[in-house]
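What follows is each chain in one-letter form.
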Amino acid sequence: MSAYSDANADLLTIELQLLLEGIFQKYGYDFRNYSKAHIRRRVLNRLSLCRLETVSELQNKVLRDPDFFRDFLEDLSINVTEMFRDPDFYRSFRENIVPKLKTYTYFKVWHAGCATGEEVYSLAILLQEEGLLERCQFYATDFNRKVLEIAKEGVYQKADMELYERNYQLSGGKGKLSDYYNSMYGSVMFKKELSKRIVFADHNLVTDGVFAEVNLVMCRNVLIYFDKMLQDKVLNLLTESLVPAGYLCLGSKESLKFSTVENRFVALDDKQKIFKKKLNV
Amino acid sequence: MYKAIVVGTSYGGLEALKLILPQLPEDFPLPVIVVLHIGEHKNDTFIRLLNELCTLQVKEAESKEPVLPGHIYFAPPNYHLLVEDDRTFSLSTDEKLNYSRPSIDILFESAAWAYQHELIGLILTGANSDGAEGLKTIKSFGGKTIVQDPCHAIAPIMPRFALKIAQPEIRLSLEAIPARLVELASSKKAVE
Ligand SMILES: C[S@@+](CC[C@H](N)C(=O)[O-])C[C@H]1O[C@@H](n2cnc3c(N)ncnc32)[C@H](O)[C@@H]1O
């Protein structure tokens, strides 16, 4: 942070704004309404990793070198995820949503911002155990193509399985997580029967429209990176994608509280952020 | 005039906070924002406990919530807490930093940008090095930096790192900290 101090903090703000504007115009990725503090942190990290002094120098590289931009895109999209993250959420899902899904012969689920797919496989396992997997069509989308490739493979680190197994048990899992994957060296590969009903696709929540009409939207830990205005815009998009009486699941620290769609939902579980769209508003 | 206080602590932190926070008076003019490393556990129990002990309102910081005086905010477990320039909170699930999420460095650095020289940073007892870099950033912006004297801390590692890396202005025993915070909070800082 050598080039920036108290005296020219404003300069950084200006340069960041120019950088995001440039990225939008050149590459079509729109980060202009992401959390500023988050973007600043990632950019300053990249600066020190590349031994660059100013954001203007970084901008020069980003705009002129598409490969550099690809890597930089990784910095801005946080792909950290887990299987059965927030086990209580999955418990609540079994309790509040599964009984209703059992009355459907066919339903669609959209995972928006699925990252490397751990959450999608988690839900697929849950639905399998409830005898619902065969009735379900999944769409799992992210704007980061690299993570989508990993999600499609369903190959993860063996070392993470201990935590995931624990999460799975806490989530009300009915067997063992290891029933669902094959081990190979340091990795595990989730069984294809889980993913055969999942379509992975590139979709940008900020710049693309409604992806499909679905019965359930999972969009967890994506909105926290957006400012209030963008959150609201994306929440409206998610709301439009849901059929009446469809379900919306957000991350445990996300809410509808400051949004314009709040009155279009009832909370089924306030704490686990499970909402149901009202019939007709 | 200072606009906010950020606090970082880990091992022994709850004991230290139980001593400091209840001594902040009802009309304390600054928001207090705390990262306490507690692993994956829920916050509920100690937030309720502290709420009973404190005159200020103790709560978990929520995404997009404005940072207001009269409140003591805690980072939720398993999320990083950041302060935006418009003085609202953001949360993130970024990788752990210094093996920690929430990370003290991440809170301190974002708050340093948001409040610049109008920020007070405080490092208390703890068993790792998180917070030292963040405190250094606060100092580089001209904010006030305070570290608990490691000689008397339950876990001296965190204050020691902070002393070494950030070279803070003030080193105090735990008992002396509340009075100093009250004094600093009401001081008119020289305006440059
Ligand atoms: C922290 S991960 C959350 C993963 C998972 N839903 C979970 O909760 O564990 C956030 C994901 O959102 C994606 N993302 C961020 N901005 C996006 C956008 N504008 N459109 C689509 N995906 C986006 C990122 O690439 C990343 O994979």
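Provided above is the structure to which this section pertains.
Residues numbered from 1 in each chain as written. Chains lettered and ligands numbered in written order. Predicted model: local features only at pLDDT ≥ 70, side-chain atom pairs only at ≥ 80, totals over all residues. Heavy atoms only, no water.

Trainee: What should I look at first to understand the overall build of chain A in this one?
Mentor: Helix and strand content of chain A: eleven helices and ten strands. In terms of overall size, chain A behaves like a compact globule, its C-alpha atoms giving a radius of gyration of 20 Å where 281 residues would be expected to give roughly 19 Å. When its C-alpha atoms are laid out on the principal axes, chain A stretches across 60 × 55 × 30 Å. Within chain A, the fraction of its 281 residues that count as buried is 55%. (Helix = DSSP H or I, 4+ residues; strand = E, 2+ residues; numbered from the N terminus. Rg over C-alpha atoms; globule rule 2.2 N^0.38 Å. Buried < 20%, exposed > 50% of the residue type's maximum accessible area, 1.4 Å probe, protein only.)

Trainee: How should I be thinking about the pairing of strand β4 (residues 71–74) of chain B in this particular structure?
Mentor: Both faces of the sheet carry side chains from a regular strand, because those side chains alternate between them. Residue and element names in this part refer to chain B. Side chains of β4 alternate between two faces, with His71 and Tyr73 and Ile72 and Phe74 buried alike. Of the pairings in the sheet, the one linking strand β2 (residues 32–36) to β4 comprises three bridges and is parallel in character. Looking at the pairing, valine 34 lines up with phenylalanine 74 of β4. (Pairing = 2+ DSSP bridges.)

Trainee: Help me understand the interface of chain A and chain B in this model?
Mentor: Size of an interface: often given as the accessible area lost when the parts come together. The partner chain B presents 28 residues to the 31 residues of chain A that form the contact. Taking both partners together, chain A and chain B bury about 2500 Å²; carbon and sulfur atoms supply 48% of that area. Residue lysine 253 of chain A is joined to glutamate 60 of chain B by a salt bridge in which the shortest nitrogen-to-oxygen separation is 2.7 Å. Of all elements in the fold, only α1 (9–27), α2 (36–49) and α11 (228–241) of chain A reach the threshold of two or more residues within the side of chain A that touches chain B. Ranked by residue count, the leading element in the side of chain A that touches chain B is α2 of chain A, at seven residues. Looking at the side of chain A that touches chain B residue by residue, the classes come out as twelve nonpolar, seven polar and twelve charged. (Contact = heavy atoms within 4.5 Å. Buried area = accessible area lost by both parts, 1.4 Å probe. Salt bridge = Lys/Arg side-chain N within 4 Å of Asp/Glu carboxyl O. Nonpolar A, V, L, I, M, F, W, Y, C, P; charged D, E, K, R; others polar.)

Trainee: In this structure, what is going on with the environment of valine 243 of chain A? I would like to understand it.
Mentor: All names here are of chain A. Positionally, valine 243 belongs in strand β8 (residues 242–250). For the pair valine 243 and lysine 273, spaced 30 residues apart in the sequence, the C-alpha separation amounts to 18 Å. Among residues more than four places away in sequence, those in contact with valine 243 are Glu213, Val214, Asn215 and Lys277.

Trainee: In this structure, what is going on with α1 of chain A? I would like to understand it.
Mentor: Since there are 3.6 residues in each turn of an α-helix, residues three or four apart along the chain are aligned in direction. Look at α1 of chain A: 27 Å from first C-alpha to last across 19 residues, which is about the 27 Å you get at 1.5 Å a residue. For α1 of chain A, the set of buried residues is Ala9, Leu12, Glu15, Leu16, Leu19, Leu20, Gly22, Ile23 and Tyr27 of chain A. An end-on view of α1 of chain A places all buried positions within 160° of arc, on one side of the element. In α1 of chain A, the exposed positions that point more than 90 degrees away from the buried face belong to Asp10, Gln17 and Gln25 of chain A. For α1 of chain A, the secondary structure elements touched by its buried residues are α2, α3 (55–64) and α4 (66–76) of chain A together with α3 (104–115) of chain B. Downstream of α1 of chain A by one or two residues, glycine 28 of chain A has phi in the positive range, about 85°. (Expected span 1.5 Å × (residues − 1). Arc of directions from axis to C-beta.)

Trainee: Is there a simple way to explain a nonpolar patch on the surface in this structure?
Mentor: On the surface, Leu11, Ile14 and Leu18 of chain A cluster together to form a nonpolar patch covering roughly 280 Å² of accessible area. Tracing the backbone through its elements, the reader meets leucine 11 of chain A in helix α1. (Patch = residues over 30% accessible without salt bridge, like charges linked within 9 Å, V, L, I, M, F, W, Y side chains within 5 Å. Areas by Shrake-Rupley, 256 points an atom, 1.4 Å probe, with all protein chains shown as cover.)

Trainee: Got a minute to help me understand the pairing of strand β7 (residues 214–219) of chain A in this structure?
Mentor: Residue and element names in this part refer to chain A. Counting buried residues along β7, six of its six residues qualify, which places the element largely inside the surrounding structure. Judged from the three bridges that link them, strand β1 (residues 107–112) and β7 form a sheet pairing that is parallel. Note on β7: the bridge partner recorded for tryptophan 110 is valine 217. Of the pairings in the sheet, the one linking β7 to β8 comprises five bridges and is parallel in character.

Trainee: In this structure, what is going on with empty space enclosed by the protein? I would like to understand it.
Mentor: If a probe the size of a water molecule is rolled over the atoms, the empty space left behind becomes visible. Applying the stated criterion to the full structure yields three cavities of 30 Å³ or more. Estimated volume of the largest cavity: approximately 350 Å³. Along the walls of the largest cavity sit 25 residues, with Ile78, Gly113, Asp142, Asn221 and Val222 of chain A positioned nearest its centre. In terms of residue class, the lining of the largest cavity is made up of twelve nonpolar, nine polar and four charged. Mapped onto the domain boundaries, the lining of the largest cavity takes at least three residues apiece from domain 1 (6–76) and domain 2 (87–277) of chain A. The space that makes up the second largest cavity amounts to roughly 100 Å³. What lines the second largest cavity is Leu223, Lys228, Gln231, Asp232, Lys253, Glu254, Ser255, Leu256, Phe258 and Ser259 of chain A together with Ser63 and Lys64 of chain B. A breakdown of the residues in the lining of the second largest cavity according to their chemical character gives three nonpolar, four polar and five charged. (1 Å grid on protein atoms, 1.4 Å probe; cavity = no way out; pocket = protein on both sides within 12 Å on 5 of 7 lines; lining within 4 Å. Points joined across faces, edges and corners; volume = space filled by probe spheres on them. Domains from an automatic or database assignment.)

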